[in-house]
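# Descriptive structure summary
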Amino acid sequence: MCRCTLPRLLFGSVTAAVKMASTGGSDDDLSDWESPVDIDLDAPPSKQMNPWSVVTSVAKWVGLGKNKKLWTQLAGHQGSFQAGESQTVLKKLLERERQCYVNIQCDLLKDFTPEYRGDVQKQGETYLQLQDLLSGFTCPCVMDVKMGCRTYHEEELKNARENPVFRKDIYRKMTDLDPDAPTPEEREKGGVTKARYLRWRDEMSSSVNLSFRIEGIRKDDGSSSKDFKRVNLRNQVREKFRFFLGGNKIALEAYLKRLEAIKAAEESSEFFSQHELVGSSLLFVHDSEKANIWIIDFGKTQALPAGVKIDHRTPWVEGNHEDEYLKGLENLTAIFTELANDT
Ligand code: I3P
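In short, a report on the structure. Along every chain, residues carry numbers that run from 1 in the direction the sequence is written. In view of the model being predicted, local features appear only for residues whose pLDDT reaches at least 70, and side-chain atom pairs are presented and counted only at 80 or more, with totals across whole chains, interfaces and linings using the full set of residues. Note: side-chain values were computed over all heavy atoms of the structure, leaving out hydrogens and water.

## Examining the packing of aromatic side chains
- Each pair of aromatic rings taken from Phe, Tyr and Trp, with Trp reduced to its six-membered ring, is defined by centres within 6.5 Å and is described as stacked if the planes are under 30 degrees apart, edge-to-face if over 60, and tilted in the remaining cases. The final tally for this structure, using the stated rule, is 14 aromatic pairs.
- Taking 5.2 Å as the distance between ring centres and 85° as the angle between the ring planes, the aromatic pair formed by Phe 272 and Tyr 325 counts as edge-to-face. Of this pair, Phe 272 sits in helix α10 (residues 270-274) while Tyr 325 sits in helix α11 (residues 325-342), placing them 53 residues apart in sequence. Pair check on accessibility: Phe 272 and Tyr 325 agree, each one buried.
- Chaining the aromatic ring pairs together yields one cluster made of Phe 212, Phe 241, Phe 244, Tyr 255, Phe 284 and Phe 336.
- A ring is considered to have a charge above it if a Lys NZ or an Arg CZ atom is located within 6 Å of its centre and within 35 degrees of its normal. Against the face of Phe 137 rests Lys 290, its NZ or CZ located 4.9 Å from the ring centre. Only DSSP runs of H or I covering at least 4 residues are called helices, and only runs of E covering at least 2 are called strands; the numbering of each starts at the N terminus. When accessible area is computed with a 1.4 Å probe and restricted to protein chains, residues below 20% of their type maximum are described as buried, those above 50% as exposed, and intermediate ones as partly exposed.

## Let's talk about the sheet that holds strand β5 (residues 116-122)
- The antiparallel open sheet is built from four strands, whose spatial order is β3-β4-β6-β5. The sheet is open, and its two borders are formed by β3 (81-83) and β5, each paired with just one other strand. Taking each pair of neighbouring strands and ignoring which way they run, the sheet shows an average axis angle of 30°.
- The sheet contact formed by β3 and strand β4 (residues 88-92) spans three bridges and is antiparallel. In the sheet register, Ala 83 faces β4, and the bridge partner there is Val 89. One bridge is not enough; two strands pair if DSSP finds at least two bridges between them. Note on geometry: axes are C-alpha line fits, over the in-contact stretch for helices, and angles between N-to-C directions span 0 to 180 degrees.

## Digging into the site of the ligand
- Nearness of a residue to a molecule or strand requires only that one of the residue's heavy atoms be within 4 Å of it. Close to the ligand lie His 77, Lys 146, Arg 167, Ile 170, Lys 173, Lys 194, Tyr 197, Leu 198, Arg 201 and Lys 300, which account for all nearby residues.
- Nitrogen and oxygen atoms within 3.5 Å of one another constitute a polar contact, given that in protein one can donate a hydrogen and the other can accept it, and given that sequence-neighbouring residues count only through two side-chain atoms. The side chain of Arg 167 places a nitrogen or oxygen atom 2.7 Å from an oxygen atom of the ligand.
- Taking Arg 201, its side chain carries an N or O atom lying 2.7 Å from an oxygen atom of the ligand.
- Considering the ligand on its own, with 500 Å² of exposed area, one finds that the protein chains cover 74% of that surface.
- Sorting the residues of the shell around the ligand by element identifies α4 (168-177) and α6 (194-204) as the ones contributing at least two each.
- Of the residues forming the shell around the ligand, the biggest block, four residues, is contributed by α6.
- Think of it as three bins: nonpolar holds Ala, Val, Leu, Ile, Met, Phe, Trp, Tyr, Cys and Pro, charged holds Asp, Glu, Lys and Arg, and polar takes everything else, Gly as well. Considering only residue class, the shell around the ligand consists of three nonpolar, one polar and six charged. What sets the accessible areas is the Shrake-Rupley method with a 1.4 Å probe; for residues, cover comes only from the shown protein chains.

## With respect to the sheet that holds strand β12 (residues 291-296)
- Ordered by their spatial adjacency, five strands build an open sheet running β9-β8-β7-β11-β12, and the pairing between neighbours is antiparallel. Both edges of this open sheet fall to β9 (224-225) and β12, since each of them pairs with a single strand only.
- As paired elements, strand β11 (residues 281-286) and β12 share six bridges and run antiparallel to each other. Note on β12: the bridge partner recorded for Val 285 is Asn 292.
- Against the sheet, α11 makes contact with β7 (141-147), β8 (212-218), β11 and β12, and its axis sits at roughly 140° relative to β7, the strand it touches most. Here, residues are in contact when the closest pair of their heavy atoms is within 4.5 Å.

Geometry only, nothing functional implied.
In structure tokens, the structure reads:
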């Protein structure tokens, strides 16, 4: 019999968020962490916990150790992932993302992204076949860090001004976290535009402050959290990184090397120079013996308009298309370096 531990995910983040809002608590408190839950992988499907119901916890992908074929989609859209054949994961096709993977095949970034093995049809849907990044790890710790200072396109801001759509669902997410956040107009309409919501999320987290933010962490015991929405200050982020590393010096050294390599590749990459990266993440994965980082999530990465150049460091103002990705990468690397010096 094969038993594995999955993060229990049955109560979503809203409960934790409400609790934090009402107590004025911070994300430093780990009481919202989801405990692991045992599932029996040999049980007939009807008796197994559906992996997709375990979702929404941490990073995009959570593996269960070597040769275990269970995937959880985390932090992104529900149901976008499926386990694939031969150490692959299937991600629901977004044409923009597919185009990025195609372009990256002949770019320096290829060594830093999951291998793209073409598209596959399943139950009437098209999926990208991507390398299972966790397949070589045993009980991995996983962290998803969303890079850049903003998670929306400039066009979304323009659309929200010209043709605002006030959404009730994200208004609820907003007031669950901070009942005072909506403006009088939003309160009256009972809705917020997506651009406004995303901007508010970026400001509340460390995206605007540090040009990256932690989206989720899963530890090697299967416990996990995605409740980092208020982790905004440098020292808060640093403590989360320390917690994620759990004193693993092998991982820390490997991460630092990989971060330097990613920076060097990005500074020379044609793809990187020609695109604004919005909502793209770095996926950190380690176990007791090894560690790696990959660049993932290109669903909102888009080619820069003709004639527009960015350096990924200049502060973003509407119209310049900057994403501050490299600024975020440098901040992140500096924090990891401090942790290395501490030890
Ligand atoms: C969601 C998050 C997702 C976004 C989603 C947001 O907010 O920003 O990235 O999907 O938009 O609701 P949160 O992290 O606070 O839950 P996209 O990446 O596709 O924009 P959605 O509600 O329109 O799906």
